[in-house]
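Coordinate analysis (summary)
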Amino acid sequence: MAAAGGGWPAVCEKFRAARTLSAVESLKDPETEPYRSKYSARALLQEVKQLLSAAEEGGEAVLAVRRAVLEYELGVNHTDTEELSAGEEHLQRCTQLLEPHRLSPDCVSLYIQAQNNLGILWSQRDEIETAQTYLESAEALYNQYMKEDGNPPLDPSEHFMAEEEKLTDQERSKRFEKAYTHTLYYLAQVYQHLDMIEKAAQYCHTTLKRQLEYCGYYPVEWARNAATLSQYYLSKECFMEARHCLAAASVIFSQAGQVPSAEDADETEPDQQDLPERKAEIARCWIKYCLNLLQSARKLLEDNIGELDPDRQLELKAQRKKEEDEKEKGRKKAVLFGTSDICDSVLAMEEKVSSVYPLDFQEAREIFLVGQNYVQEAKEFFQVDGYVTDHIEIVQDHSALFKVLAFFEEDYERRCKMHKRRIDMLEPIYADLNPQYYLLICRQLQCELADTYYEMMDLKVAIGNRLEKLDSHTVKKINSLAQFAIKYYELFLDSLRNPDKVFPEKLEEDVLRPAMVAKFHIARLYGKLITSDSKKQLENMQTSLEYYTFLVDYCEKYPDAVPAIETELELSKEMVNLLPASMERLRTKLSSFV
């Protein structure tokens, strides 16, 4: 070929040395000179560029491709060192040199990789739509080449190799497919930025499948992406797909520490030191899976007062028998990850938890227990010292698991015990929190504790109604639960007051419904307090009336609040009309004893 001292082999050697500096030596650069090896690689690439001259064999076409390879390497180099304008110039020169021959086996892989890098570069500039154009162009070119030719094309590095060093067709194919997988991976991110969520999920799923197929992945990163994708499927209530993603994430995560391919042998996975945290993150995604599956089943099964509808339960059980098998077979083909050995492990993982709606307590309990195991696993890493917010969110999810399991429990006493478990896990956390730093979390816990005590009080009233006569123990329990519920609702409402302890005249939108529901529940709770003292009863009725009146007056003053609390408002209006007459009757009764 060409060049001074050493001829073509020396040119190839310089090119190889430049790539080694960029890919391997740069990882060892000191923090004070983070780009030292990259700059050395750039100098070598510039030397190679100078040494290239018209080939004796192959002519201008061969030379143009070799120049394009160098422009590509220089473009990536400048991008890596945060010199985006220079990087763009080199990458654009690369695509211009290749344009006439971009569909030839010599050029197609390099052209796609240049388009990928231009997509990344424009993403770094926050010009997402420009990035989208380059990446979609790369995708279209891959599809066109595979349709019109389909043979494994040359890898860009082969343009600086002796004939005997050239890659096998198998290796060429693997590298070409890896470049296209990168295209899909970057497109998934671009679509997410553009809020094209469904398309982003579709591309993410395809990327993950291809990474497994071609063994081009880091286990921890792959597992994290699969677990994240599962949350998209959860939002669509596609539980079979969500479970498959999570099962695959758990199986692939267990490979952490193993190198996926010889090509990556010099690299270690960046997240390697964070293994316990990543494992806990996957556990949290499993918790969300179990919780969402149970909550969705509850929505299907509940009647208009939030109780389990037995007729609906029987109907769904009969329907499930007919449909589920066929549906699963059809959908499975579209989502399965991995080779047969991975598939076996994933299927074994999937068998540990259902992906169909639980329709009775036993089925719900099995899902609950899986979720509870993952709660313990997540809490091992996300401990309250150092991870306050994460730890509390996990405890809140644990409480939510008990809450939804209680829906499936027919026995009121056992249901009460489940809610008591929620109280026991939430109260100590709330007691230790400083509202000055954790106001939002304090408010969430106040509302949840109040709602839990409120629900327990309702259950105790229902249990009491089955008795011939209320005993003093049950009365005491009902009153105690009601008082605790009132206490936490009042704490929440007090947190909305300004520094002068004045309640806001107009409530912010994010607290409007919780505040109004708290007022409504307090009104109802005062009506539920049991006392033999008629004066005390009258006082409770008066307090109850004041809270109901607050709701009615507020909605008259701010009509835009009505849609948020329509049901509570209607009931409050009824009580504002009924209570004064009941109170008058009680007053008359009291005065007759005087």
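Residues numbered from 1 in each chain as written. Predicted model: local features only at pLDDT ≥ 70, side-chain atom pairs only at ≥ 80, totals over all residues. Heavy atoms only, no water.

**Considerations on the overall build of the protein**
Applicable threshold: Each helix is a run of DSSP H or I of at least 4 residues and each strand a run of E of at least 2, with the numbering of both proceeding from the N terminus. Computation of the radius of gyration draws on C-alpha atoms alone. For the globule rule, the value is 2.2 Å times the number of residues to the power 0.38. Under the convention used here, a 1.4 Å probe and the Shrake-Rupley method define accessible areas, while residue burial counts only the protein chains that appear. When charges are tallied, Lys and Arg are placed among the positive residues and Asp and Glu among the negative ones, while His and the ends of the chain are skipped. Throughout, a charge is located at the NZ atom of Lys, the CZ atom of Arg, the CG atom of Asp or the CD atom of Glu.
On a plain count of helices and strands, the protein comes out with 21 helices and zero strands. For the protein, whose C-alpha radius of gyration is 33 Å, the value lies well above the compact-globule estimate of 25 Å for 594 residues. Only carbon and sulfur atoms are counted for the fraction: they give 50% of the accessible area of the protein, which is about 30,400 Å². The averaged location of the 103 negative side-chain charges in the protein is 6 Å from the averaged location of its 72 positive side-chain charges.

**Some points on the pattern of salt bridges**
Spelled out, the test is: Whenever a carboxyl oxygen of Asp or Glu lies within 4 Å of a side-chain nitrogen of Lys or Arg, that contact is scored as a salt bridge. Only protein chains enter the accessibility calculation, which uses a 1.4 Å probe; a residue whose area is less than 20% of its type maximum is buried, one above 50% is exposed, and one in between is partly exposed.
In total, this model carries 40 salt bridges according to the counting rule given. A salt bridge links Glu-99 to Arg-102, with the nearest nitrogen and oxygen atoms 2.9 Å apart. For Arg-102, a relative accessible area of 29% corresponds to the partly exposed category. The salt bridge involving Arg-210 is made with Glu-177; its shortest N-O contact spans 2.5 Å. Taken together, the residues span a long stretch of sequence, with Arg-210 in helix α8 (residues 197-213) and Glu-177 in helix α7 (residues 169-193) at a distance of 33 residues. Bridged by salt links that share partners, the residues Lys-49, Glu-71, Glu-89 and Arg-93 form one connected network.

**Examining the packing of helix α1 (residues 7-23) against helix α3 (residues 59-80)**
Worth spelling out the cut-off: The angle between two axes is taken between their N-to-C directions and runs from 0 to 180 degrees, where each axis is a line fitted to C-alpha atoms and a helix contributes only its stretch in contact. In this scheme, roughly parallel covers angles under 35 degrees and roughly antiparallel covers those over 145, while 65 to 115 is roughly perpendicular and the rest are oblique. Crossings are assigned a handedness: left-handed for a near helix turned anticlockwise from the far helix by less than a right angle, right-handed for a clockwise turn. Any two residues whose heavy atoms approach within 4.5 Å are treated as being in contact. Think of it as three bins: nonpolar holds Ala, Val, Leu, Ile, Met, Phe, Trp, Tyr, Cys and Pro, charged holds Asp, Glu, Lys and Arg, and polar takes everything else, Gly as well.
Packing of α1 against α3 brings their axes to within 11 Å, and their N-to-C directions diverge by 20 degrees. Between α1 and α3, the angle falls in the class roughly parallel. As α1 runs across α3, the sense of the crossing is left-handed. Across the interface between the two elements, Trp-8, Phe-15, Arg-19 and Ser-22 of α1 pack against Arg-66, Val-69, Leu-70, Glu-73 and Asn-77 of α3. Grouping the constituent residues of the contact of α1 with α3 by class yields four nonpolar, two polar and three charged.

**Some details on the environment of Ala-249**
Relative to the helices and strands, Ala-249 resides in helix α10 (residues 239-253). Once residues within four sequence positions are removed from consideration, Ala-249 is found in contact with Trp-222, Ala-223, Ala-226, Ala-227 and Ile-282.

**Structural notes on the nonpolar core**
How we decide: Think of a nonpolar core as a cluster: buried Ala, Val, Leu, Ile, Met, Phe, Trp, Tyr and Cys residues, connected wherever their side-chain atoms sit within 4.5 Å.
Ranked by internal contacts, the top residues of the largest apolar core, which has 174 residues, are Phe-160, Trp-222, Trp-286, Tyr-289 and Leu-507. With residues near it in sequence (within four places) discarded, Phe-160 still touches Trp-8, Val-11, Cys-12, Phe-15, Arg-16, Val-48, Leu-52, Arg-66, Val-69 and Leu-70.

**Remarks on the packing of aromatic side chains**
Selection criterion: Put simply, two rings from Phe, Tyr or Trp (the six-membered ring, in Trp's case) pair if the centres are within 6.5 Å, and we call them stacked under 30 degrees between planes, edge-to-face over 60, tilted for the rest. Note on geometry: a ring has a charge over it if NZ (lysine) or CZ (arginine) is within 6 Å of the ring centre and within 35 degrees of the ring normal.
Per the stated rule, a full pass over the model turns up 28 aromatic pairs. Each ring, one from Tyr-191 and one from Tyr-203, has its centre 5.1 Å from the other, and the planes form 65 degrees; the classification is edge-to-face. In this pair, Tyr-191 is assigned in helix α7 and Tyr-203 in helix α8, connecting sequence segments twelve residues apart. Accessibility classification places Tyr-191 together with Tyr-203 in one group, the buried group. Between Arg-125 and the ring centre of Trp-122, over which it is positioned, the NZ or CZ distance is 4.5 Å. The residue whose ring lies beneath Lys-519 is Phe-503, and the NZ or CZ to ring-centre distance is 4.7 Å.

**So, α1**
Rule in force here: The span one expects for a helix is its residue count, reduced by one, times 1.5 Å.
Taking 1.5 Å as the rise per residue, α1 with 17 residues should run 24 Å; its terminal C-alpha atoms sit 25 Å apart, in good agreement. Those residues of α1 that sit buried are Trp-8, Val-11, Cys-12, Phe-15, Ala-18, Leu-21 and Ser-22.

**Remarks on the side chain of His-419**
Among the structural elements, His-419 can be located in helix α16 (residues 412-432). In contact with His-419, other than residues within four places in its own chain, are Lys-403, Ala-406, Thr-452, Glu-455, Met-456 and Leu-459.

**Focus: the state of the cysteines**
Rules: Disulfides are defined in this document as cysteine sulfur pairs within 2.5 Å.
Under the definition given, this model contains zero disulfides. We note that Cys-107 lacks a disulfide partner, and the nearest cysteine sulfur, in Cys-94, lies 9.1 Å from it. Assessed through its relative accessible area of 1%, Cys-107 is described here as buried. Not part of a disulfide, Cys-245 finds its nearest cysteine sulfur in Cys-204, a span of 7.8 Å.

**Considering helix α17 (residues 439-465)**
For α17, which comprises 27 residues, the first-to-last C-alpha distance of 39 Å matches the rise-based estimate of 39 Å (1.5 Å per residue) to within 8%. Burial within α17 is extensive, with 19 of its 27 residues counted as buried.

**Observations regarding the side chain of Lys-460**
For the record, the criterion: Here a polar contact is taken to be a pair of N or O atoms separated by no more than 3.5 Å, where protein atoms must pair a possible hydrogen donor with a possible acceptor and residues adjacent in sequence count only if both atoms sit in side chains.
Examined against the element boundaries, Lys-460 turns out to sit in helix α17. Since its relative accessible area comes to 15%, Lys-460 is described here as buried. A polar side-chain atom of Lys-460 sits 3.3 Å from a polar atom in the side chain of Glu-413. Leaving out residues up to four positions away in the same chain, Lys-460 has contacts with Glu-413, Cys-416, Thr-474, Lys-477, Ile-478 and Leu-481.

**Describing the environment of Leu-512**
The residue Leu-512 is located in helix α19 (residues 509-528) in this model. As for Leu-512 and Ile-565, which are separated by 53 residues in sequence, their C-alpha atoms are 8.9 Å apart. When neighbours within four sequence positions are excluded, Leu-512 is seen to be in contact with Leu-507, Tyr-554, Ala-561 and Ala-564.

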